[in-house]
Amino acid sequence: MSEIRVTNVIGENGDSPVNFTKGINMSGICTAPAFIPSQGQLSHRNIVINGAMTVAQRGVSSSAGNGYHTVDRIKFRSGGNDEANTVSRIVLNSTDTGPYEKGFRYAYRMQNGNQTSVGTGDWAQIEYHPEAQDIANSGWDYTNPNSFITLSFWTRSSVGQRFYGYMDSIDGTGQRYSFATDGGSALSANTWRFVSVTIPGNSNLQFDNNSDNGLDIKFVTYYGTSYTDNSYTMNNWAATGSNYMHDFPSTWYTTNDATWDITGIQLEVGSVATPFEHRSYGEELIRCKRYFNMVADGSESRSGSSRSEGVIGNGFFWQSTRMMVPVKFQVAMRTPDWTLYKKNGEYRYYANGSSHQTCTQNDIGLNGQDGLNSAHLNITNINSSSAAGMFFVHDVNAALGFDAEL
């Protein structure tokens, strides 16, 4: 077969580009300063929702323990700690060299507690859980070892050391893929690093086409030796078991108030990490509300008022001491098995223009779950017999929402 080898190709006028009408076939990776495709999907590559940490409906800081407490879709979990870790959304500025220039203004932070001893069963991590159907319909040929998905992110630690993470598939026979979350060498203290991990398909993987949890993505700050083994094979799919990764350095975990940060989490089909897909706040908020829908939050103060009043809904008095308040969701929840989310504080109800009455979170319950799109709140201990009323969040500490997180 004949070959033509050249070092440069220029247009006939000496500087304009050459147009190849029949295309160019390449077996390797092509890199360029810019790439503008004319076919295929141009947006919504990122399977991760809120990877830039822009939405934080529940709040911006918490030491409440396991669960979703700050940034939407990012879950914190730990065990065996002597002192609870604190998680928060931090604001980035121009000194955050790396992610700031790429358009990131927030990051998720885990701050270590004072761990007076290191137990073999101690651990701490954050997690992201996509729905199984998001993986099944992504375009990744996940049972083919020649098809890839790429995870990328920015990370930083106040302590220089190695860090690890892993993915667990949930459907079928569970499979695990462990990898370094530091890019292959220890992080330098207080220095942001961009990391990408390319993961092949495997014939044992299964992702059902439903809204259940399909994949655990976990970023670990410490695992005790009950969960680690230096002989464990990293960067390889294997059946889930008692070991997760290589032995974990304990330096970060034994440093009081050590911090670990992450932002720009992107999971996309393909063998190369493309530039992060920044989405508008409004679009990201709507996506988050499928999993958690804050309908009224007293911390969002009104202009000209030291306190807030967020309307939950118009209700009707079922009995002299009971009011029913229907609520229509902005977005259908992921599952009809959502739960009611309440923060302790002052809630108010008004009846036919009369002065307000107050109640607490203990007076607010559900009369029933109305599927994916609406709810009926049951407000008890009402001091009124009026035919109609309105229900508000008033206190800055009060908030009400609906939770369908994975």
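Rules used in this analysis
Residues numbered from 1 in each chain as written. Predicted model: local features only at pLDDT ≥ 70, side-chain atom pairs only at ≥ 80, totals over all residues. Heavy atoms only, no water. Pairing = 2+ DSSP bridges. Helix = DSSP H or I, 4+ residues; strand = E, 2+ residues; numbered from the N terminus. Buried < 20%, exposed > 50% of the residue type's maximum accessible area, 1.4 Å probe, protein only. Arc of directions from axis to C-beta. Phe/Tyr/Trp six-rings, centres within 6.5 Å; stacked < 30°, edge-to-face > 60°. Lys NZ or Arg CZ within 6 Å of the ring centre and 35° of its normal.

### Here we look at the pairing of strand 19 (residues 364-369)
Bridge count for strand 19 against strand 20 (residues 374-380) is five bridges, and the pairing is antiparallel. By the bridge assignment for strand 20, Leu366 is matched with Leu377. Counted between consecutive antiparallel strands, the loop separating strand 19 from strand 20 contains four residues, among which Gly371 sits at a positive phi close to 80°.

### Quick notes on helix 2 (residues 281-289)
All buried positions along helix 2 are accounted for by Glu284, Leu285, Cys288 and Lys289. Seen from one end, helix 2 has its buried residues packed into an arc of 140°, which puts them on one side.

### Considering the environment of Glu309
Positionally, Glu309 belongs in the loop between strand 13 (292-297) and strand 14 (310-319). As a C-alpha pair, Glu309 and Asp297 span twelve residues in sequence and 8.2 Å in three-dimensional space.

### Examining the packing of aromatic side chains
Going through the model one piece at a time under the given rule, you end up with 24 aromatic pairs. Here Tyr223 and Tyr244 contribute two aromatic rings whose centre-to-centre distance is 5.4 Å and whose plane-to-plane angle is 85°, an arrangement assigned as edge-to-face. Note that Tyr223 is positioned in strand 10 (residues 215-223) and Tyr244 in the loop between strand 11 (237-239) and strand 12 (259-269), a separation of 21 residues in sequence. Of the residues examined, Tyr223 reaches a relative accessible area of 4% and is grouped as buried. In this structure Tyr244 comes out as buried when scored by relative accessible area, which is 18%. Grouping aromatic residues by their ring pairs yields a cluster made of Phe163, Tyr164, Tyr222, Phe248 and Tyr253. Lying across the ring of Tyr106, Arg89 places its NZ or CZ 3.8 Å from the centre. One Lys or Arg, Arg105, reaches over the ring of Tyr100 and ends 3.7 Å from the middle of that ring.

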